[in-house]
Amino acid sequence: MGKHKVKVGIIGGSGLNDPDILEGRIEHKVSTPFGEPSDCLIEGKISGVSCVLLARHGRKHDIMPSKVNYRANIWALKTLGCTHVIASTATGSLQEDIAPGDLVLLDSFVDRTKSRESTFFDNSYSELMGVCHVPMDPAFCPETRQLFLEAASKLGLKMRPTGTCVTIEGPRFSSKAESLLYKSWGIQLVNMTMVPEVCLAKEAGLCYAAVAMATDYDCWRDKEGSVCVSEVLATFKQNVAKVTKLFKEVVPMIGGHEWDSTIDDLKSLVSSGFMSAPQ
Ligand code: ADE
């Protein structure tokens, strides 16, 4: 076993918050220097591996994407000892060949958010002072992504191995011009929550991977009407079992893997991002 004890944070998007996936559950109410997370964190095990489940929008799904305290969520998972975060997210598809219900393992993002606290390094917390620039390539943890690919293949589950997601501010959906613009940029998916979650996980030194589920075709397609909430929720509900199965498969694989160099490298990446005063 490596020096880092693996613990997997699971951030459930709309519809993937079922605590029954964890055995021996205990609830933690965690406060952070950045405020309160979306809800209690539920700790338990999947196949003997420690996990912590957090509902991104709260268990009552009453926190809208712009108001999710992403910093508190990531900090709370880190505080409970998580080394990894695996997340699910509902997304609109910007490509004909990604149909509602399809899964995509994200590998990059485009940030179109406007009003979110998106860094821990804004000098608001006395223990994290200084100017820090963290690289966002690769945005998602390559080793964790590789295990996801192997898990999907073991299960015979169809999952697109790469995909870029543009995160919009919301809560409104995109206009047709916006949707066509993102599509013309070659982006595959659109959502409202991936940024800044992925950025903060990296700043916190957590191995982060996210599985996107396409729930709709947004509004770029002439032959289809515009996306609506009931469509998003219905498609997510119909396909959530696939994501749950995938997460249950990947967690023991993460638990059985050696992470020392990956975690140490992430830590030094963040430390080397600090600007030092000119000599
Ligand atoms: N989440 C699910 N579908 C979406 C869409 N079309 N746009 C933004 N976020 C979404």
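Here, the structure is the one placed above.
Now for a quick tour of the structure.

Analysis parameters
- Going along each chain's sequence as written, the residues are numbered from 1 onward.
- Thresholds applied to this predicted model are a pLDDT of at least 70 for local features of residues and 80 or more for the giving and counting of side-chain atom pairs; totals over whole chains, interfaces and linings are not thresholded and use all residues.
- For the side-chain quantities, the full set of heavy atoms in the structure was used; hydrogens and water were omitted.
- A helix here means a DSSP run of H or I that spans at least four residues, while a strand means a run of E at least two residues long, and both kinds are numbered starting from the N terminus.
- For every residue, the accessible area obtained with a 1.4 Å probe (protein chains only) is divided by the maximum for its type, and the residue is called buried under 20%, exposed over 50%, and partly exposed between those limits.
- Residues count as neighbours in contact if any of their non-hydrogen atoms are within 4.5 Å of one another.
- Using protein atoms alone on a 1 Å grid, points that fit a 1.4 Å probe yet trap it form a cavity, whereas open point sets bounded by protein on both sides within 12 Å along at least five of seven lines form a pocket; residues with an atom within 4 Å of a point count as lining.
- Grid points are joined across faces, edges and corners, and a volume is the space filled by probe spheres set on the points.
- When residue character is reported, Ala, Val, Leu, Ile, Met, Phe, Trp, Tyr, Cys and Pro are called nonpolar, Asp, Glu, Lys and Arg charged, and the others, Gly included, polar.

Topic: the environment of Val 6
Line of reasoning, step 1. Tracing the backbone shows Val 6 in the segment before strand E1 (8-12).
Line of reasoning, step 2. Given the relative accessible area of 13%, Val 6 is considered buried.
Line of reasoning, step 3. For the pair Val 6 and His 257, spaced 251 residues apart in sequence, the C-alpha separation works out to 8.9 Å.
Line of reasoning, step 4. Non-local contacts of Val 6, meaning those with residues more than four positions away in its chain, are made with Ser 50, Thr 83, His 84, Ile 254, Gly 255 and Trp 259.

Let's talk about the layout of surface pockets
Line of reasoning, step 1. By volume, the second largest pocket amounts to about 370 Å³.
Line of reasoning, step 2. In terms of lining residues, the second largest pocket is bounded by 20 residues, among which Lys 78, Glu 203, Ala 204, Gly 205 and Lys 267 are the most central.
Line of reasoning, step 3. At the level of secondary structure, the elements contributing two or more residues to the lining of the second largest pocket comprise helix H1 (70-79) and helix H6 (260-271).
Line of reasoning, step 4. With 5 residues, H6 is the largest single contributor of residues to the lining of the second largest pocket.
Line of reasoning, step 5. Here the residues of the lining of the second largest pocket sort into 11 nonpolar, 5 polar and 4 charged.

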